[in-house]
Amino acid sequence: MSRNRHRPDDDDINAFRQALREAGVRRIERNRADPGRPRRADPAAAERRAAAQAAGDDAGSGRTSDGRVEAVRPSEYLDFALPDLPYRTRSRLKRGQLAWEAGLDLHGHTLEEAREELESFLRDAGTARQRCVLVVHGKAWGTTSDYPVIKSHVNAWLREWPGVLAFCSATEADGGTGAVYVLLRRRGER
């Protein structure tokens, strides 16, 4: 295919729109499938929906686990993406080509403080509709563990966070394997 595609001029666009109007094509008002039958009243589903909404509104509760996690090595490259993330977007994230809009440094935090800071940071980034953020977790070994505790937990917590589409270790300029770029879902995006 040629890279120099024909760009329609205003007359072509207006003719196309006129043809659509004459054919009776209407703009879709809702982006939702219509099964052709009314929704069934399901009290159990309504209760589950209300509980999920109430849990989502509770800013004080954590959405990440604080249990045991799989240990990662200090220099291990972290990489995660949802299966339907476009390859090009993931490649750009890995190369550091998506500009990060906010950063969080977790050095010097206890594990619980790091979890609370990360959750708060991700909530704020989602509210601000930020697309890419940087989280610096470091690669220091824990005082009571033989692996980098915060790095290992950040690896697990980000996989659990519903608004995370992908994350990977940063380029050397942004912290290398001591930091991750996090690609976030914007509010309203599926």
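**So, the overall build of the chain**
Thought 1: A tally of regular secondary structure across the chain gives five helices and five strands.
Thought 2: Counting from the amino terminus, the chain carries its helices and strands in the arrangement α-α-β-α-β-α-β-α-β-β.
Thought 3: For the chain, the proportion of its 190 residues judged to be buried stands at 32%.
Thought 4: In the chain, of all internal contacts separated by at least 6 residues, the share reaching a separation of at least 24 is 69%.

**Structural notes on the nonpolar core**
Thought 1: Counting 23 residues, the largest nonpolar core has L118, V154, L158, F167, V180 and V182 as its most contacted members.
Thought 2: Listing elements by their share of this core, those giving two or more residues are β2 (102-105), α4 (111-127), β3 (132-136), α5 (149-160), β4 (164-169) and β5 (179-184).
Thought 3: Counting residues per element, this core draws most heavily on α4, at five residues.
Thought 4: Sequence-distant contacts of V180, defined by excluding residues within four places in its chain, comprise L78, V133, L134, V135, H137, V154, L158, F167, C168, S169 and A170.
Thought 5: One finds L165, A166, C168 and A170 within the second-largest nonpolar core, a separate group that totals 14 residues.

**Notes on unusual backbone geometry**
Thought 1: Despite not being glycine, R129 shows a phi value in the positive range, around 55°.
Thought 2: Inspection of the secondary structure puts R129 in the loop between α4 and β3.

**Side note on a negative patch on the surface**
Thought 1: The grouping of D9, D10, D11 and D12 at the surface amounts to a negative patch.
Thought 2: Note that D9 resides in the segment before α1 (10-22).

Analysis parameters
Residues numbered from 1 in each chain as written. Predicted model: local features only at pLDDT ≥ 70, side-chain atom pairs only at ≥ 80, totals over all residues. Heavy atoms only, no water. Helix = DSSP H or I, 4+ residues; strand = E, 2+ residues; numbered from the N terminus. Buried < 20%, exposed > 50% of the residue type's maximum accessible area, 1.4 Å probe, protein only. Contact = heavy atoms within 4.5 Å. Core = buried A, V, L, I, M, F, W, Y, C linked by side-chain atoms within 4.5 Å. Patch = residues over 30% accessible without salt bridge, like charges linked within 9 Å, V, L, I, M, F, W, Y side chains within 5 Å. Areas by Shrake-Rupley, 256 points an atom, 1.4 Å probe, with all protein chains shown as cover. Salt bridge = Lys/Arg side-chain N within 4 Å of Asp/Glu carboxyl O. Lys, Arg positive; Asp, Glu negative; His and termini not counted. Charge placed at Lys NZ, Arg CZ, Asp CG, Glu CD.

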